[in-house]
Amino acid sequence: MKRFISSALAHGLGWQLIGTLLGAGLITGIRALMGLSVTDRFFFTEPAWVLGGFIGAISFLFGSGVTSDWMKWARGIDTPEHHEDHHSGWEKYVNVSLDHKVIGIQYTIVALALISIGGLFALIFRTELAASQLQFLTTDMKLFGQNGPQLYNTLMSLHGMIMIVSILLGISGIINYVVPLLLGAQDMAFPRLNAFSFWIAVPGAVLLLSSLFLGGFDTGWTGYPPLSARAPVGMQMFFLGVFVAGWSSILGALNVIVTVLRMRAKGMTAMRMPIFVWAAIATSLIALTATQFIGLSFQLVMFQRLFGMGFFDPAKGGNPVLFQHLFWFYSHPAVYVFILPGLGVISELLPVFVRKPLFGYRWIAMSSLGIALVGFVVWAHHMFTSGMNEYLRVPFMYSTLLVAIPTGVKFFSWVATIWNGKITTPTPMLFVLGGIVVFLMGGLSGPPNAIVSTDLHLHDTYFIVGHFHDTIFGGFVFPFFAALYYWFPKATGRRMNETLGKLHFWLMTPAFFVLTFGMMYIGLLGMRRRIVDYDPALGIDSTHLVLTIAGYLIGLSVVIFIYNFFNSIKNGEKAEGNVWNSRSPEWQVPSPMPVHNYDQPFEVISEPYDYGLEGGSPYVKFSEPESGKHQ
Amino acid sequence: MRHFVIVGILVIVMAVLTYVGLDAAGFATQMNPVAASAQAQTIDSMWHWEIIAMSFLFALIVAPMAYSLVVFRKRKGDNTDAQHIEGNTALEIGWTVGPLILVVVFAYMGAYSLGEIRRVDPEAVVIKVKAQQFSWTFEYPEYGVVSNELHLPANKQVLLKMESADVIHSFWVPEFRVKQDVVPGRVTEYRITPTLIGSYKVRCAELCGTSHAYMEGAIVVSEEADYDTWIAEQIAIAAAAQTPEGKGQLLTVSKGCVGCHSIDGSPLTGPTWFGLFGSDVKLADGSTITADEAFISQSILDPNATIVEGFPSPSVMPPYVLTEEEIANIIAYLKTLK
C-alpha cells in the first residue's frame, strides 16, 4: 500500500483532485465577486466544473512526473538518455517508465480495466432490456441524481465512449509493445512523448467516468446538439474526457509514424516490413490527422454551453447538422483506426499457424492504406436520414461501397493463405479465425447500410448495433485477444493456460454470434437504438432475454480470460524460447524480452514470411558480438 | 484440382443453404415488419438483392476456410512447413476487379431505388408534423385540423413537412420503412404512399432525452372515404371547440403537452392532469401547494419554479411561451378533468 501511495499513478490522481478543486474554486471565487450564483445542483457551477476538470487533468500530468524531464531541460538541466527502471514487479507499471514495452503493458492493462467497466455497464442495461417495461431502472429509483431511464441513457452513452477509449488504448498497447521489436529498434522514436501519450489517457478516463456522478448525460456517445447543449453537467465532463484522451491518440500516432520511418533495422525496406507495421502506419495516419475533429466538435458544443456561442443553435443562426459533419469526419475514420491494427494482427499471425507465406503481401499492405484513404470520404453515410442535402446521399453511397474492395482483398488473401497450409489451432489461432468470420459478418452486414434506400429502414435500429459490434469484435476484440495470447510469452516468459484460453474462445464466440444475429433480427422488426424500454407489441421480449443471456456468457468468458491473464504471469508454464516457431525477429531471442531489446542489432536478409522455402534463409541475421564493445 | 472442385460445390451449397435459411426466417425476400407503403416494396426488393449477394459472399469465404481447417490440418509428427506460395497477381487482380464490378452494379441499383422512393407526386396531400419532447402533433393545414393521431388515405402520396420544437427527433414507421430526422431550425420532408390499410405507430428513432423510448404516435391508414369521414369529424370537433375549454384542449394537443401529462391519471413523464386543479400538490422540497391558477400558470412559463415530489429536478420540461389568454384557456380545460 505504501509503495502504491508513493507511485506516479497515486501522485497523479491526488494532484488531479487538488487541481480540480483549485480550478473550480477559482471560478467560484470570480463568480462570487461578480455577484453570480456560486453553487448549483452538483455543488460547483458548470463553468467551475469545466475549468476544474481541465486544470485537474493538467495537474495529473505534472503530479505524476511524466513531464519532469522536459521541465528539467527547460531549466537547462541534462537528464540521461535512458532511465534505468528502479522499480520491479507491479510497481514498474504504476510509475512513469520510458521503456516502450512497459508502456505497452500499461496501455493494455488500462484498456482491459476500461473494457471491464464498459462491459459491466453493458450488462447492467442488458439486464434492464431482458423484458419490456421497466425492471429496475424505474422512474422511482434514484442514483447519482438520475432516475432509472436517465441512468440507462448515461450508462448506454458511457458504454460507447469507454469502449472506444479502451480500444484506442488497446491498439496503442499492442503497437507500442510490438512495433519497435518488429523493427529492431531499441525504443520508440520519442520515449518521453510515448510515456506522456499513455499518462494523459488516465486523467481523460477519470474525467469520462466522472460524468456518471455529475448528473450523467443522455445523448449517446455521439453527443448530438441540441440535446447535448441541454444535458446535465456530466455532458461537459464527457466532452472534456474525450478531448483529453484524444491527445493520447494524436501524439501516440505521431510517435509510431516517426519510429517506423526512422528506426527500421538495416535491410528492412518498405516491402520487407512485417505486415503489422503497415497496419500500424495506416492506423496512425488516420489517428494523427482526424482525431482533431472530434475534439473540435465537442469543444464547440462545450463553448456553446459555457459562453452562449450559437454554433449549433438554430435560434442563433447555428446549424445542428454541421456538428454531425464535423463529428463523423473523425468518427468514421476512427472505426478504421480500431480495426486496421486488428486486421494487421490477423495477417501477422496467420502465416505462423499455417506454416505458409502470407498470400499477396503487397496487396494486403496496400489494402490497409486503401481502407485508410477511402475512409476519409465516407463520413456522411452516418447521416442519410439527417436532413442534409439529399443529393449528397448518392456520392456518399458510392464512396462507402468502395470500402468493400480493399476489405475484400484482405479476406480473399487470408483464405488463400490458409488454403493448403499445415494448420494448427492453439488459442491465438482460434481467435484469429474467429476474428475473420466475425469481421466477415460485420463486413457483409455493412452494404445494406451503405445503400441509401435500405438504410432508411435500418438506420438507428438494432441492426446497426449488431453490424457495428460485429465489425469491432471481428476487427478489434478477437485479434486483440489473439495478440495477447500470442505475445504474452514474449512479455512474461510464460504462456497462458491453453485449456482456459480455449474455454474463453468457445464460450465467447457462439454467445457473440447469438448476440449480434439477435440484434440484427430485432432491429429489422422495429427495435430502435438507445431505448430503455420497447413496445411489447413488437413481439421481441423472448429474443431480448436470449440476448441478455448471451451478453452474460461473453462477460463470463472475459472474466475467465482476466483470471488466466493475471494468474499466468506467476504460474504459467515456462516458455522462454520460440514458442510459436515464428520467423519474426522478437522470437529469435529468449523471453522475457531484455530491457533494451536486442543485445545485437540485426539485419533483414530475406522476406518476413518465407515459410516452407527449401533451403531458404531466416528473415533476420543478428550481427556477431564484437569483443570488448559488448558487455 | 480435386480440392478446388469440392470447395466450388461447397460454396454453392452453402450459399443456397444460407439464402434458404434466411428465407425460412422471413428475411430474404423482404425486410420486416409487413410492408405498408409503395416505398417499402421498392426498398424490400433492393434488400432481396443484397441478401442474395451476402449469402454468396459469405459462402465464398467461409466454405474454403472451413474446408481448409478440416482437410489441411497439420498431421501428427509432421514438423515440416507447408508449400511455399507467395501469391498470385492474376488472382489478386481478379478479386479486386470482381468486387469492383459488383460494387458498380449495386451502386447503380441503390441510386435507382433511391430515385424510385423519392419520386414526387405533385398532387401529394400535405400534412404538417411537429415533433417535441416527447410527442408528435399533426396538422392538416387545408382543414385547420390538429390531432395527435396521423390519419392517412391509402394509395395517395402524402408529403409530411416536419419541424421540431426542441431537439432532433426522427420520424420512423417501421411498416413504411422510410425514416427521416426532424431537425430544429429547418423543415424536413417525408414522402410516403401508404398502401396497406391498418394501424401503425410512428416511433422516434433519434435519441431525444429521458422519455425517448415512449415517443410514439398512432397512425391510421384507411380508405379514402373513411379518411374523409375522419377529417369531417375533426372539423366538427374543432368548430365545437370555440369555448375556452375546447381551445385549451386543442392547445394541449398542438403544443404536445399530453405527450408527458396524462388526462386519465396514468403515470407518464410528468404529473397527471386528472383531478389536478384545486388539489393539494406535494412538492419535492416537502411543502404543499394548492394547484390554483397562479401555480399552473407559473409551472407552464417556468417549469423549474416548483418541482412536484417524485419528479426529476431540474425539470425535463422546456419553458413554454404562451399568452395570458392561452394559459387561461388551458386552465379552463384542466378544470374539466375530474
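None of these values were measured; they are calculated from a predicted model. (Residues numbered from 1 in each chain as written. Chains lettered and ligands numbered in written order. Predicted model: local features only at pLDDT ≥ 70, side-chain atom pairs only at ≥ 80, totals over all residues. Heavy atoms only, no water.)

Novice: I would appreciate a short explanation of the sheet that holds strand β3 (residues 145–147) of chain B in the present structure.
Specialist: What links the strands of a sheet is backbone hydrogen bonding, and the strands pair in either a parallel or an antiparallel sense. Residue and element names in this part refer to chain B. Reading across from one edge, β3-β2-β1-β5-β8 is the order of the five strands in this open sheet, with mixed pairing throughout. Every other strand in the sheet has two partners, leaving β3 and β8 (188–192) as the edge strands with one partner each. Averaged over all neighbouring strand pairs, the angle between strand axes comes to 25 degrees, with direction disregarded. Sheet analysis places strand β1 (residues 125–132) next to strand β5 (residues 158–164), joined by seven bridges and oriented parallel. Opposite V126, over in β5, you have L159 as the bridge partner. Against the sheet, helix α4 (residues 224–240) contacts β1, β2 (135–140) and β3, and its axis sits at roughly 100 degrees relative to β3. (Pairing = 2+ DSSP bridges. Helix = DSSP H or I, 4+ residues; strand = E, 2+ residues; numbered from the N terminus. Axes fitted to C-alpha atoms, helices over the stretch in contact; angles between N-to-C directions. Contact = heavy atoms within 4.5 Å.)

Novice: In this structure, what is going on with the pairing of strand β6 (residues 169–172) of chain B? I would like to understand it.
Specialist: Across a regular strand the side chains alternate sides, sitting on one face of the sheet and then on the other. Residues and elements named next belong to chain B. Where burial is concerned, the two faces of β6 agree: the one with H169 and F171 and the one with S170 and W172 are both buried. Alignment of β6 against strand β7 (residues 179–182), held across four bridges, turns out to be antiparallel. Across the sheet, the residue bridging to S170 is D181, located in β7. Once β6 ends, the chain turns through six residues before running back antiparallel as β7, passing R177 with a positive phi of about 75 degrees. As judged from the two bridges shared by β6 and strand β9 (residues 198–204), these two strands associate in the antiparallel manner. Each residue of the ladder has a partner; that of F171, found in β9, is C204. (Buried < 20%, exposed > 50% of the residue type's maximum accessible area, 1.4 Å probe, protein only.)

Novice: Quick question: what am I supposed to make of the packing of aromatic side chains here?
Specialist: Working definition: an aromatic ring pair is given by the centre-to-centre distance plus the angle between the planes. Residue and element names in this part refer to chain A. All told, the structure shown has 70 aromatic pairs over all chains when counted by the stated rule. Aromatic side chains F561 and F565 sit 5.7 Å apart centroid to centroid with 40 degrees between the ring planes, which places their arrangement in the tilted category. Here F561 and its partner F565 are both found in helix α20 (residues 541–571), four residues apart, which amounts to about one turn of the helix. Each member of the pair, F561 together with F565, is buried. The ring of Y611 carries R583 above its face, with NZ or CZ at 6.0 Å from the centroid. (Phe/Tyr/Trp six-rings, centres within 6.5 Å; stacked < 30°, edge-to-face > 60°. Lys NZ or Arg CZ within 6 Å of the ring centre and 35° of its normal.)

Novice: For this particular structure, what's the right way to read unusual backbone geometry?
Specialist: One can expect most non-glycine residues to show negative phi and most peptide bonds to be in trans. Look at the link from N32 of chain B to P33 of chain B: it is a cis peptide, with omega at -10 degrees. Position of P33 of chain B relative to the elements: it lies in the loop between α1 (2–24) and α2 (38–71). The linkage connecting Q133 of chain B with the following residue, F134 of chain B, adopts the cis geometry, with an omega of 0 degrees. With respect to the helices and strands, the residue F134 of chain B is situated in the loop between β1 and β2. In this structure, N420 of chain A takes a positive phi of about 65 degrees despite not being glycine. Note that N420 of chain A resides in the loop between α14 (404–418) and α15 (427–444). Under the relative-accessibility criterion, N420 of chain A is labelled partly exposed at 28%. Positive phi values are uncommon outside glycine, yet N581 of chain A reaches one of about 55 degrees. With respect to the helices and strands, the residue N581 of chain A is situated in the loop between β4 (573–574) and β5 (602–604). The exposure class of N581 of chain A is partly exposed, given its relative accessible area of 45%.

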